[in-house]
Amino acid sequence: MGNTIHVVAHFSVKKKFIEAFIAAANRLLVEPTVSEPGCLRYELCQNAADETRFAMIETSDSEETLNAHLSQPSLATAFDELRPFISAPPDVHRLRPAG
């Protein structure tokens, strides 16, 4: 587990597009990514206190696996399709286990 890398991407979604965002994010990002080699977790979560706030939580087995995922052209296409649903660019953080 020492080489794992986590990504948390926060999304602010326009209220009228919440259902469309969830469906598109699952179809375009979650479903194809969970079967990629080295993907340990890829999950869309909705904020319990604010239905317009979401986090995509990803865990990869290595930095190399994550970089391979991020370099796929389909990822850019997916974000282009999601862009109309969001009210601001995603806030993305790469994290490593501490200690």
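Now for a quick tour of the structure. Just so we're clear, the structure is a prediction, and the values are computed from it rather than from any experiment. (Residues numbered from 1 in each chain as written. Predicted model: local features only at pLDDT ≥ 70, side-chain atom pairs only at ≥ 80, totals over all residues. Heavy atoms only, no water.)

1. So, the packing of helix H1 (residues 18-33) against helix H3 (residues 73-82)
If you want to describe how two helices pack, look at the angle between their axes and the distance between the axes.
Line of reasoning, step 1. Where H1 meets H3, the axes come as close as 10 Å, and the angle between the chain directions of the two elements is 175°. Between H1 and H3, the crossing angle belongs to the class labelled roughly antiparallel. Contact with H1, carried on its side by Phe21, Ala24, Ala25, Arg27, Leu28 and Leu29, involves Leu75, Ala78, Phe79, Glu81 and Leu82 of H3 and no other residues of that element.
Line of reasoning, step 2. In terms of residue class, the contact of H1 with H3 is built from 9 nonpolar, no polar and 2 charged. (Axes fitted to C-alpha atoms, helices over the stretch in contact; angles between N-to-C directions. Helix = DSSP H or I, 4+ residues; strand = E, 2+ residues; numbered from the N terminus. Parallel < 35°, antiparallel > 145°, perpendicular 65-115°, else oblique. Contact = heavy atoms within 4.5 Å. Nonpolar A, V, L, I, M, F, W, Y, C, P; charged D, E, K, R; others polar.)

2. Examining H1
Line of reasoning, step 1. Compared with the 22 Å implied by 1.5 Å per residue over 16 residues, the 21 Å span of H1 between its first and last C-alpha is a close match.
Line of reasoning, step 2. Of the surrounding secondary structure, the elements contacted by the buried residues of H1 are strand E1 (5-12), strand E2 (39-46), strand E3 (53-60), helix H2 (63-70) and H3. (Expected span 1.5 Å × (residues − 1).)

3. Structural notes on the pairing of E3
Line of reasoning, step 1. The buried fraction of E3 amounts to 6 of the 8 residues, a majority that puts the element mostly inside the structure.
Line of reasoning, step 2. The pairing of E2 with E3 spans 7 bridges and is classified as antiparallel. Residue pairing in the sheet places Arg41 in a bridge with Thr59 of E3.
Line of reasoning, step 3. A loop of 6 residues connects E2 with E3, the two strands running antiparallel in sequence. (Buried < 20%, exposed > 50% of the residue type's maximum accessible area, 1.4 Å probe, protein only. Pairing = 2+ DSSP bridges.)

4. Here's the deal with the pattern of salt bridges
Line of reasoning, step 1. Per the stated rule, a full pass over the model turns up 6 salt bridges.
Line of reasoning, step 2. Between Arg41 and Glu43 there is a salt bridge, with the nearest N and O atoms lying 2.7 Å from each other.
Line of reasoning, step 3. Exposure remark for Glu43: the relative accessible area of 35% places this residue in the partly exposed category.
Line of reasoning, step 4. Residue Asp80 pairs with Arg83 through a salt bridge whose shortest N-O separation is 2.7 Å.
Line of reasoning, step 5. For Arg83, a relative accessible area of 49% puts it in the partly exposed group.
Line of reasoning, step 6. Connected through salt bridges with shared partners, the residues Glu63, Arg94 and Arg96 form a single ionic network. (Salt bridge = Lys/Arg side-chain N within 4 Å of Asp/Glu carboxyl O.)

5. A short note on the sheet that holds E2
Either a parallel or an antiparallel arrangement is found when strands of a sheet pair, and the pairing is made through backbone hydrogen bonds.
Line of reasoning, step 1. If you walk across this open sheet you meet the 4 strands as E2-E3-E1-E4, and the pairing is antiparallel. The open sheet has two edge strands with one neighbour each: E2 and strand E4 (91-95). Taking the axes of each pair of neighbouring strands and ignoring which way they run, one obtains an average angle of 10° across the sheet.
Line of reasoning, step 2. Each of E1, E2 and E3 is contacted by H1, which is oriented at about 180° to E2, the strand it contacts most.

6. As for the layout of surface pockets
Line of reasoning, step 1. Space inside the largest pocket adds up to approximately 200 Å³.
Line of reasoning, step 2. Lining of the largest pocket is provided by 14 residues; of these, Val7, Ala9, Leu70, Phe79 and Val92 occupy positions nearest its centre.
Line of reasoning, step 3. Every element with two or more residues in the lining of the largest pocket is listed here: E1, E3, H2, H3 and E4.
Line of reasoning, step 4. If one sorts the elements of the lining of the largest pocket by residue count, E1 sits on top with 3 residues. (1 Å grid on protein atoms, 1.4 Å probe; cavity = no way out; pocket = protein on both sides within 12 Å on 5 of 7 lines; lining within 4 Å. Points joined across faces, edges and corners; volume = space filled by probe spheres on them.)

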